[in-house]
Amino acid sequence: MEKDKYENSIYKVKESRNRIGIMGGTFNPIHLGHLVTAQEALSQFRLDQVVFIPTCDPPHKVDNDIASAEDRYLMTVIATASNDDFFVSRMEIDRKGKSYTIDTVRELRSIYGKEVSLYFITGADAILEILTWKDTEEIISLCSFIAATRPGYNLARIDDLKEKLFANQQEGNGKISVMEVPALAISSTDIRQRIQKKQPIDYLVPEGISHYIMKHGLYI
Ligand code: NAP
């Protein structure tokens, strides 16, 4: 079955690994900041692997500057191909429609079982909006969060969120961790703007990604 082919790596994990990073994002496009974030999470949180899950239709986005789900998926595969600990799932793309994190986390839990620790890694600005996500409480009960930020980010906003979500700070610290990643000075928005202004994007994205973007005329 086609789906089995893509999710094969995930099923294999079930037997041997128990700390899984879930890299959730629109990846429009994926850049070196995302890759450094995943690598840093792997090391700081002693993860066994990181599964990148590009969104299909991000529920909170209204802008029309989003490349197709297939283009974003293929770029994510290209960018992660050389890392043995990075995998890409088509889960949200194949589910089609709005990509709600709760549906993804439920599906991952049913694949991996209860014993595995799931860490949802994404940008701190996205996590700050978690109270507006579908079924917030259930998501928090099913996985922990790694909020990736660039140094200098106002961490008080994350502390405020923890206060709203958790009865005590310690519980919040275990469920939402902040990880500073200097490479997150790179942003997808900036890359798209640079393409429109015909400025170079070399060294901001892997070489294969700049070729893919130019070849397919994305973001012009
Ligand atoms: P976004 O709002 O476009 O991104 C917010 C910030 O986080 C941006 O600075 C973005 O930088 C950064 N970012 C996004 N993903 C990242 C990652 N994996 N690692 C490091 N930085 C990251 O967020 P989004 O990409 O659309 O959504 C993030 C995740 O939250 C997705 O998995 C999405 O499905 C989930 N989400 C779920 C709901 C829901 O269930 N209702 C609602 C909102 C978001 P770049 O632009 O450079 O990536």
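The residue numbering used here restarts from 1 in each chain and proceeds along that chain's sequence as written. Local features are withheld for residues below a pLDDT of 70 in this predicted model, meaning they are given only at 70 or higher, and side-chain atom pairs are given and counted only at 80 or more; totals for whole chains, interfaces and linings count all residues. Only hydrogens and water are set aside; all other atoms, that is, all heavy atoms of the structure, feed into the side-chain values.

Our focus in this paragraph is the environment of Q170. What counts as a helix is a DSSP run of H or I of at least four residues, what counts as a strand is a run of E of at least two, and both are numbered from the N terminus. Examined against the element boundaries, Q170 turns out to sit in helix 9 (residues 169-175). Whether a residue is buried, partly exposed or exposed follows from its accessible area with a 1.4 Å probe, protein chains only, as a fraction of its type maximum: under 20%, in between, or over 50%, in that order. Under the relative-accessibility criterion, Q170 is labelled exposed at 69%. For the pair Q170 and E138, spaced 32 residues apart in the sequence, the C-alpha separation amounts to 19 Å.

Let's shift gears to the side chain of S89. Structurally, the position occupied by S89 is in the loop between strand 3 (86-88) and helix 4 (91-95). The exposure class assigned to S89 is buried, which follows from its relative accessible area of 0%.

Moving on, we get to the site of the ligand. By convention in these notes, a residue is near a molecule or strand provided one of its non-hydrogen atoms lies within 4 Å of it. Near the ligand, the surroundings consist of 26 residues, among which T26, H31, H34, K61 and S188 are the closest. Definition of a polar contact: a pair of N or O atoms within 3.5 Å, with one able to donate and the other able to accept a hydrogen when the atoms are protein atoms, and with sequence-neighbouring residues admitted only if both atoms are side-chain atoms. The side chain of T26 places a nitrogen or oxygen atom 2.7 Å from an oxygen atom of the ligand. Per-residue and other accessible areas follow the Shrake-Rupley method at a 1.4 Å probe size, with only the shown protein chains counted as cover for residues. Look at the ligand: alone it shows 870 Å² of surface, and the protein chains cover 88% of it. At the level of elements, strand 1 (19-25), helix 2 (32-44), strand 4 (117-123) and helix 6 (124-127) are the ones that each hand at least two residues to the shell around the ligand.

Between side chains of opposite charge, a pair can form when the charged atoms approach closely. Any carboxyl oxygen of Asp or Glu that lies within 4 Å of a side-chain nitrogen of Lys or Arg is treated as forming a salt bridge with it. Evaluation of the coordinates by the stated rule reveals 10 salt bridges. Taking the shortest distance from any N to any O, the salt bridge between R106 and D135 comes out at 3.2 Å. A residue pair is termed long-range when its members are at least 10 positions apart, and R106 in helix 5 (residues 101-112) and D135 in the loop between helix 6 and helix 7 (136-142) qualify at 29 residues. Classification of D135 as partly exposed rests on a relative accessible area of 35%. A salt bridge links R106 to E138, with the shortest nitrogen-to-oxygen separation between them at 2.8 Å.

For helix 8 (residues 156-165), every residue scored as buried is listed here: I158, L161 and K162. For helix 8, the angular spread of the buried residues around the axis is 100°, confining them to a single face. Exposed side of helix 8, more than 90 degrees from the buried face: E163 and K164 are the residues found there. In this description, contact between two residues means that some pair of their heavy atoms is separated by no more than 4.5 Å. Packed against the buried residues of helix 8 are helix 6, strand 5 (144-149), helix 9 and strand 6 (176-180). Working definition: the arc comes from the directions between the helix axis and the C-beta atoms, pointing outward to the latter.

In this section: the sheet that holds strand 3. Remark on secondary structure: sheet strands pair via backbone hydrogen bonds, oriented parallel or antiparallel. By the convention used here, strands pair only if DSSP detects at least 2 bridges between them. The 6 strands lie next to each other as 3-2-1-4-5-6, forming an open sheet whose pairing is parallel. Both edges of this open sheet fall to strand 3 and strand 6, since each of them pairs with a single strand only. Here the strands of the sheet are splayed against their neighbours by 25° on average, with no regard to which way each runs. Strand contacts of helix 5: strand 1, strand 2 (49-54) and strand 4, with the helix running at about 150° to strand 4, the strand carrying the most contacts. Where helices are involved, their axes are fitted lines through C-alpha atoms of the stretch in contact, as for all axes, and angles between N-to-C directions lie from 0 to 180°. Packing of helix 8 onto the sheet brings it into contact with strand 5 and strand 6, and relative to strand 6 it is tilted by some 170°.

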